[in-house]
Amino acid sequence: MKNVLTFQKLKDNNEKIAMLTAYDYSTAQVLDSAGIDGILVGDSLAMVALGYENTYNITIDEMLIFVKAVARGAKNSFIIGDMPFMSYNLSIEQGLENASKMIKSGAHAIKLEGCNDHIIELTKRCVESGIPVLGHLGFTPQMMNTIGGHKVQGKTADNTEKILICAKKLEEAGAFAVVLELMPEVSAEYITRNLNIPTIGIGGGKYCSGQIVVTDDILGKFTDFTPKFIKKFANIHDTALQGVNSYIKEVKEGLFPSQKETFDLEESEKTKLIK
Ligand code: KIV
């Protein structure tokens, strides 16, 4: 059973940490069987599973449905519930209350975006209350409107230093790891080298302590757009399309269901139905 200590242990042993997202029971089962180090029930599900344009529209109560499904499917993985937009920004009490809902729904930890004073205080209070926190720096999707779109962060040495200061504050507050999203490889490597806790890159190059991506992206299931940092390891969309096309064809041609997929009736009963 993976737990919060798995992350630091892997980093200290110079082993990479492999994380993926999951939003549903059967995907969680696949990741769990494969021995993934951590599963994030990311708010990306607003776009990937629910078809919204961005992550702003998902609520904490909706997130909990997906967290519960993943927890039922992944029995050995470390599950992190992503705190959605405005579910932790109003007050420490609001953040703690919603973080505790995540844990009660089966998550083992939560993820918070950013590092202003409120987030640092909330991180401390969560950790003190028994809720491990994964930080998230670099490009933080919940700030997209403020940043002005999907922009690579840490593009100057100064900016990289600022992100490192943030990461160190999160480390001091007790975060067990920090996601670094959309950053030049050298910047993410610099931050990784100067932190004790692991960094988990997404579009941050290979020198982070581990990697996370959206499962539906790497398996070719979500096809609305493909970020530059995504490599496709399978093509579920095309495989599924082929399967559905074959199903339609066989139904139309009367080939499905065949005898094999059909329930039989005793001969003596059959005769009673011939009129
Ligand atoms: O919501 C999400 O899926 C994320 C990424 C880090 C994968 O935040």
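All of these numbers come straight from a predicted model, not from anything done at the bench.

> Explain the state of the cysteines residue by residue, including any values.
Evaluation of the coordinates by the stated rule reveals one disulfide. For Cys115, the disulfide goes to Cys166, at an S-S distance of 2.0 Å. The sign of the -45 degrees torsion about the S-S bond sets the Cys115-Cys166 disulfide as left-handed. Separated by 51 residues along the polypeptide, Cys115 in the loop between strand S4 (109–113) and helix H6 (117–128) and Cys166 in helix H8 (residues 157–173) bring together distant segments of the chain. Residue Cys115 shares its accessibility class with Cys166, and that shared class is buried. With no disulfide partner, Cys126 has as its closest neighbouring cysteine sulfur the one in Cys115, 15 Å distant. The thiol of Cys208 is not disulfide-bonded; the next cysteine sulfur, from Cys166, is found 16 Å away. Under the relative-accessibility criterion, Cys208 is labelled buried at 0%.

> Go over the environment of Gly203, please, and point to the residues and values.
As for its placement among the helices and strands, Gly203 is situated in the loop between strand S7 (199–202) and strand S8 (210–213). Along the sequence, Gly203 and Leu180 sit 23 residues apart, while their C-alpha atoms lie 7.9 Å from each other. In this structure Gly203 touches Leu182, Met183 and Phe229, once residues within four positions along its chain are discounted.

> Summarise a nonpolar patch on the surface; cite the residues concerned and give the values.
A surface patch of nonpolar side chains, about 430 Å² in accessible area, is lined by Val244, Tyr247, Ile248, Val251 and Phe256. Tracing the chain through its elements places Phe256 in the loop between helix H11 (236–252) and helix H12 (267–272).

> Describe the nonpolar core, naming the residues involved and giving the relevant values.
Met102, Ile110 and Leu137 are the most contacted members of the largest nonpolar core, which has 58 residues in total. Considering each element in turn, this core owes the most residues, seven residues, to helix H4 (residues 60–73). Excluding anything up to four places from it in sequence, Leu137 contacts Gly114, Cys115, Ile163, Cys166, Ala167, Leu170, Val178, Val179, Leu180 and Glu181. Counting 15 residues, the second largest nonpolar core, distinct from the first, contains Ala109, Leu134, Val179 and Ile202.

> How would you explain the site of the ligand if you had to name every residue and give the values?
Looking at the ligand, the residues that line it are Thr21, Leu40, Gly42, Asp43, Ser44, Asp82, Lys111, His136, Ile202 and Val214. In the model, an oxygen atom of the ligand is placed 3.0 Å from a nitrogen or oxygen of the Asp43 side chain. At 3.2 Å from an oxygen atom of the ligand is found a side-chain nitrogen or oxygen belonging to Lys111. Taken by itself the ligand offers 260 Å² of open surface, and the protein chains cover 96% of this. Counted by class, the shell around the ligand contains three nonpolar, four polar and three charged residues.

> Describe the packing of H4 against helix H5 (residues 92–104), and please don't skip the residues or the numbers.
The contact between H4 and H5 brings their axes to 9 Å, and the two run at 20 degrees. Regarding the angle of H4 to H5, the classification is roughly parallel. Handedness of the crossing formed by H4 with H5: right-handed. Judged by residue contacts, Ile60, Asp61, Met63, Leu64 and Val67 of H4 engage Asn98, Lys101 and Met102 from H5. For the contact of H4 with H5, the class distribution of residues is five nonpolar, one polar and two charged.

> An account of the pattern of salt bridges is requested, with residue identities and associated values reported.
On inspection of all chains with the given rule, the structure shows eight salt bridges. With its nearest N and O atoms 3.0 Å apart, the salt bridge here joins Arg193 to Glu189. Note that Arg193 and Glu189 are positioned in helix H9 (residues 185–193) at a spacing of four residues, about one turn of the helix. Between Asp216 and Lys221 there is a salt bridge; the shortest N-O distance is 3.7 Å. The class of Lys221 is partly exposed, set by a relative accessible area of 42%.

Rules and cut-offs
Residues numbered from 1 in each chain as written. Predicted model: local features only at pLDDT ≥ 70, side-chain atom pairs only at ≥ 80, totals over all residues. Heavy atoms only, no water. Disulfide = S-S within 2.5 Å. Helix = DSSP H or I, 4+ residues; strand = E, 2+ residues; numbered from the N terminus. Buried < 20%, exposed > 50% of the residue type's maximum accessible area, 1.4 Å probe, protein only. Contact = heavy atoms within 4.5 Å. Patch = residues over 30% accessible without salt bridge, like charges linked within 9 Å, V, L, I, M, F, W, Y side chains within 5 Å. Areas by Shrake-Rupley, 256 points an atom, 1.4 Å probe, with all protein chains shown as cover. Salt bridge = Lys/Arg side-chain N within 4 Å of Asp/Glu carboxyl O. Core = buried A, V, L, I, M, F, W, Y, C linked by side-chain atoms within 4.5 Å. Near = heavy atom within 4 Å. Polar contact = N/O pair within 3.5 Å; in protein donor to acceptor, adjacent residues only side chain to side chain. Nonpolar A, V, L, I, M, F, W, Y, C, P; charged D, E, K, R; others polar. Axes fitted to C-alpha atoms, helices over the stretch in contact; angles between N-to-C directions. Parallel < 35°, antiparallel > 145°, perpendicular 65-115°, else oblique. Left-handed = near helix turned anticlockwise from the far one by under 90°.

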